[in-house]
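Architecture at a glance
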Amino acid sequence: MGAGIALLVFGLVSVGGGAVCLFNLHGTADKAAARRNAGRAVTAARTMDLTEPSQLGAWFFRLMGGFILPAGLLLCLVGLVLMTDG
């Protein structure tokens, strides 16, 4: 039963996080892409590397949210089954 509760909680958290990224609530995907590009720019400045900024934009983080949301729903389902099977 403990494993079922843990899977249910992890599933609910991933559903929330996936929905936030997928639907770009509060500009989450845009902020994540900007944060990634800023991190790459700092690393490039430290190493004197003149590479281009990342080509992964907000679409990548929205795509990841599209994968995480259904996976979280699946985890919730498995957690519910384990809790009721007990």
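Check the entry above for the structure.
Quick caveat, the model's predicted, so the values are computed rather than measured. (Residues numbered from 1 in each chain as written. Predicted model: local features only at pLDDT ≥ 70, side-chain atom pairs only at ≥ 80, totals over all residues. Heavy atoms only, no water.)

At their nearest, the axes of helix α2 (residues 28-47) and helix α3 (residues 58-85) sit 8 Å apart, and the two run at 125 degrees to each other. In terms of orientation, α2 lies oblique with respect to α3. Relative to α3, α2 is oriented so that their crossing is right-handed. Here Ala29, Asp30, Ala32, Ala33 and Arg36 of α2 come into contact with α3, specifically with Ala58, Phe61 and Arg62. Considering only residue class, the contact of α2 with α3 consists of five nonpolar, no polar and three charged. (Axes fitted to C-alpha atoms, helices over the stretch in contact; angles between N-to-C directions. Helix = DSSP H or I, 4+ residues; strand = E, 2+ residues; numbered from the N terminus. Parallel < 35°, antiparallel > 145°, perpendicular 65-115°, else oblique. Left-handed = near helix turned anticlockwise from the far one by under 90°. Contact = heavy atoms within 4.5 Å. Nonpolar A, V, L, I, M, F, W, Y, C, P; charged D, E, K, R; others polar.)

Right, let's get into the packing of aromatic side chains. Inspection of every chain in the model, using the stated rule, returns two aromatic pairs. Judged by centre distance (6.1 Å) and plane angle (85 degrees), the ring pair of Trp59 and Phe60 falls under edge-to-face. Relative to Phe61, the ring of Phe60 lies with its centre 5.4 Å away and its plane at 80 degrees, an arrangement referred to as edge-to-face. Of the aromatic side chains, those joined through ring pairs into one cluster are Trp59, Phe60 and Phe61. (Phe/Tyr/Trp six-rings, centres within 6.5 Å; stacked < 30°, edge-to-face > 60°.)

The end-to-end C-alpha distance of α2, which contains 20 residues, comes to 29 Å, matching closely the 28 Å that a straight helix rising 1.5 Å per residue would cover. Inspection of α2 places Ala29, Ala32, Ala33 and Ala44 among the buried residues, and these make up the whole buried set. The buried residues of α2 occupy an angular sector of 110 degrees when projected down its axis, which confines them to one face. For α2, the exposed residues set more than 90 degrees away from the buried face come down to Lys31, Arg35, Ala45 and Arg46. Looking at the buried residues of α2, the elements they touch are α1 (2-22) and α3. (Expected span 1.5 Å × (residues − 1). Buried < 20%, exposed > 50% of the residue type's maximum accessible area, 1.4 Å probe, protein only. Arc of directions from axis to C-beta.)

Taking 1.5 Å of rise per residue, the 21 residues of α1 would be expected to cover 30 Å, and the 30 Å separating its terminal C-alpha atoms lies within 8% of that figure. Along α1, the positions that sit buried rather than exposed are Gly4, Leu8, Gly11, Ser14, Val15, Gly18 and Ala19. In an axial view of α1, the angular spread of the buried residues amounts to 135 degrees, which keeps them on one side of the axis. α1 presents Gly2, Phe10 and Val13 as exposed residues on the side facing more than 90 degrees away from its buried surface. Contacts from the buried residues of α1 go to α3. Just beyond α1, the residue with positive phi is Asn24, at close to 55 degrees.

What follows concerns the nonpolar core. In a soluble, globular protein the nonpolar side chains are often hidden away together inside. Ala29, Ala32, Ala33, Ala58 and Phe61 together form the largest nonpolar core, which totals five residues. Of all the secondary-structure elements, those providing two or more residues to this core are α2 and α3. Those residues in contact with Ala33 that lie beyond four places of it in its chain are Leu56, Gly57, Ala58 and Phe61. (Core = buried A, V, L, I, M, F, W, Y, C linked by side-chain atoms within 4.5 Å.)

Nothing here speaks to function; it is geometry throughout.
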